[in-house]
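Structural features, examined
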Amino acid sequence: MTAEGRGTSEEGPAAPQPLWLVAANVVRWRRYGDDGQELRPGAMSHRGGAKAHVVGTHPGMGHEQLTTVGRGRHTRAYITIDMATRNLHTFRPTAVHSPAVLRRTAAVGIDGSWATREYAEELAALLGGLAVRYREEHWGGVPHPVPCRCHDCLTPG
C-alpha cells in the first residue's frame with residue numbers, strides 16, 4: 001500500500017511544535033478532614049510528587065483552580081483535570097515536547113500563541129507564591145497534626 005493509500009504524505013504526519021508551559025509537582029502529603037488533622041497522599045487524581053503541566057488558569061477566581069495535564073493516579077494515562085493550586089508546588093517553566101501532553105493541550109485550546117518562555121516564567125512565579133498563600137489560608141490558624149508530613153512541614157525554610 002502506498003503512502004497515498006494510507007492518507008499520509010511520505011514525510012509522515014507533522015510533529016507538534018513544542019510549547020512553553022508551567023510544570024509543577026503534586027504535594028506528597030496534604031492535610032484533610034476536620035481541622036486538617038488527617039493526612040492524605042498526593043491529590044485525589046494524582047500521586048504525590050507527580051508532575052503536572054498547567055494548561056489553563058482561572059484568573060477570575062484568583063488562580064485558586066488550575067487546569068492541568070498529568071498522569072492519573074490509578075491508570076497512569078494522561079488526564080486533564082482542574083485541581084486546587086494549593087495541592088501543587090515547585091512551579092517552573094518548561095519546554096514540553098511530549099506528544100501526549102501536546103495533544104491534550106491542543107484539545108483544551110492552547111495553540112502556542114501565549115505559550116512563550118517569558119509568559120511561563122511570569123506565571124510560574126505568580127503561581128508559586130499563590131500556592132503557599134492558599135495552603136496557609138485554607139487551614140487558617142488550625143494546628144498541624146503531630147507528627148505532620150504536609151508539604152509545608154516537610155519543606156525546609
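Our subject is the structure that appears above.
These numbers were taken from a predicted model, which means no experiment stands behind them.

Focus on the pairing of strand 5 (residues 65-71)
- Of all seven residues in strand 5, five are buried, a share of seventy percent or more.
- Across five bridges, strand 4 (residues 51-57) lies against strand 5 in antiparallel orientation. The residue of strand 5 that forms the bridge with His 53 is Val 69.
- With seven bridges connecting them, strand 5 and strand 6 (residues 78-84) associate as antiparallel partners. Paired with Thr 67 across the strands is Asp 82, a residue of strand 6.
- Linkage of strand 5 to strand 6, two consecutive antiparallel strands, is achieved through a turn of six residues, within which Arg 76 is found at a positive phi near 65 degrees.

Section: unusual backbone geometry
- The residue His 63 is not glycine, and still its phi comes out positive at about 60 degrees.
- Among the secondary structure elements, His 63 is positioned in the loop between strand 4 and strand 5.
- With phi around 65 degrees, Arg 76 is a residue other than glycine that occupies positive phi space.
- Locating Arg 76 in the fold gives a position in the loop between strand 5 and strand 6.

A word on the sheet that holds strand 4
- The five strands are arranged 6-5-4-1-7 in an open sheet whose pairing can be described as antiparallel. Of all the strands in the sheet, the pair left with one neighbour each is strand 6 and strand 7 (88-96). Put simply, the sheet's adjacent strands are angled 40 degrees from each other on average, direction ignored.
- Packing against the sheet, helix 3 (residues 117-139) makes contact with strand 1 (19-26), strand 4, strand 5 and strand 7, and its axis sits at approximately 170 degrees to strand 7.

Criteria and cut-off values
Residues numbered from 1 in each chain as written. Predicted model: local features only at pLDDT ≥ 70, side-chain atom pairs only at ≥ 80, totals over all residues. Heavy atoms only, no water. Buried < 20%, exposed > 50% of the residue type's maximum accessible area, 1.4 Å probe, protein only. Helix = DSSP H or I, 4+ residues; strand = E, 2+ residues; numbered from the N terminus. Pairing = 2+ DSSP bridges. Axes fitted to C-alpha atoms, helices over the stretch in contact; angles between N-to-C directions. Contact = heavy atoms within 4.5 Å.

Limitation: the analysis is restricted to geometry and does not speak to function.
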